[in-house]
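# Analysis of the macromolecular model
This is what each chain is made of:
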Amino acid sequence: MAMNHARSIRHILTTKEVFGVACQRTFATGKAKKGSKGGGAADAPKASTLSKEVKSSTVVGANILKEGTDPKIQPDSDYPDWLWHLLDKRPALSELRRKNIETLAYDNLKRFVKLDNRARIKENNSVKAKN
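Just so we're clear, the structure is a prediction, and the values are computed from it rather than from any experiment.

Criteria and thresholds
All chains use their own residue numbering, which begins from 1 and follows the written sequence. Thresholds applied to this predicted model are a pLDDT of at least 70 for local features of residues and 80 or more for the giving and counting of side-chain atom pairs; totals over whole chains, interfaces and linings are not thresholded and use all residues. Side-chain measures here rest on the full set of heavy atoms in the structure, leaving out hydrogens and waters. Distance thresholds for patches are 9 Å for like charges and 5 Å for nonpolar side chains (Val, Leu, Ile, Met, Phe, Trp, Tyr), applied to residues having over 30% relative accessible area and no salt bridge. Surface accessibility follows the Shrake-Rupley procedure with a 1.4 Å probe radius. Residue values consider only the protein chains on display as shielding. When a carboxyl oxygen of Asp or Glu lies within 4 Å of a side-chain nitrogen of Lys or Arg, that pair is called a salt bridge. The charge count treats Lys and Arg as positive and Asp and Glu as negative. His and the chain ends do not count. The atoms used to mark charge sites are NZ of Lys, CZ of Arg, CG of Asp and CD of Glu. A 1.4 Å probe rolled over the protein chains alone gives each residue an accessible area, and that area as a share of the maximum for its type sets the label: buried under 20%, exposed over 50%, partly exposed in between. We call a set of buried residues a nonpolar core when its members are Ala, Val, Leu, Ile, Met, Phe, Trp, Tyr or Cys and they connect through side-chain atoms within 4.5 Å of each other. Secondary structure elements follow DSSP: runs of H or I of four or more residues count as helices, runs of E of two or more count as strands, with numbering from the N terminus. Two residues form a contact once any of their heavy atoms are found within 4.5 Å. Given the number of residues in a helix, its expected span is that number minus one, multiplied by 1.5 Å.

## Brief notes about a positive patch on the surface
On the surface, Arg90, Lys110, Lys114, Arg118 and Lys122 cluster together into a positively charged patch. Lys110 sits in the exposed class, given a relative accessible area of 54%.

## Observations regarding the nonpolar core
In this structure, Leu93, Leu96, Leu104, Phe112 and Leu115 together form the largest nonpolar core, which totals 5 residues. Of all the secondary structure elements, the ones that give two or more residues to this core are helix 3 (93–98) and helix 4 (106–130). Excluding residues that lie within four positions of it along the chain, Leu93 makes contacts with Phe112, Leu115, Asp116 and Ala119.

## Notes on a nonpolar patch on the surface
A surface patch of nonpolar side chains, amounting to about 630 Å² of accessible area, comprises Trp82, Leu83, Trp84, Leu86 and Leu87. With respect to the helices and strands, the residue Trp84 is situated in the loop between helix 2 (52–57) and helix 3. Take Trp84: its relative accessible area is 45%, and that puts it in the partly exposed class.

## Examining the pattern of salt bridges
Counting across every chain of the model gives 3 salt bridges. Put simply, Glu95 and Lys99 hold a salt bridge, and the shortest N to O gap is 4.0 Å. Linked through salt bridges whose partners overlap, the residues forming this network are Arg97, Asp116 and Arg120.

## Some points on helix 4
Over its 25 residues, helix 4 extends 36 Å from the first C-alpha to the last, a length consistent with the 36 Å expected when each residue adds 1.5 Å. Turning to helix 4, its buried residues are Arg111, Phe112, Leu115 and Asp116. On its buried face, helix 4 is in contact with helix 3.

Shown next as structure tokens:
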């Protein structure tokens, strides 16, 4: 008897919540308030005031000092060799597994160990989560 009473109260409460949400008044979109979210002419990208010569000869926005100036772009020979290889694609774990481990370069071997350990940890965690 008490269970039926509890179920009926729960049913009444949930139907009231659904009715309240369904019958809430919503407002039509109108003029946007100042500073509110939403697109508008104020959010359009602003035209750059810097000339093309300045953009091509300096690193705009790289200055971190209050009274400093943006650094000038140097010729490629002034930069270290490793800088040009930072964005190179590195082999994936599946590609490293296909190669002979004994002939891998040190960097690729180190990457293989790291990625293989990460894959084993993920697999062990998924097995533990299923149990």
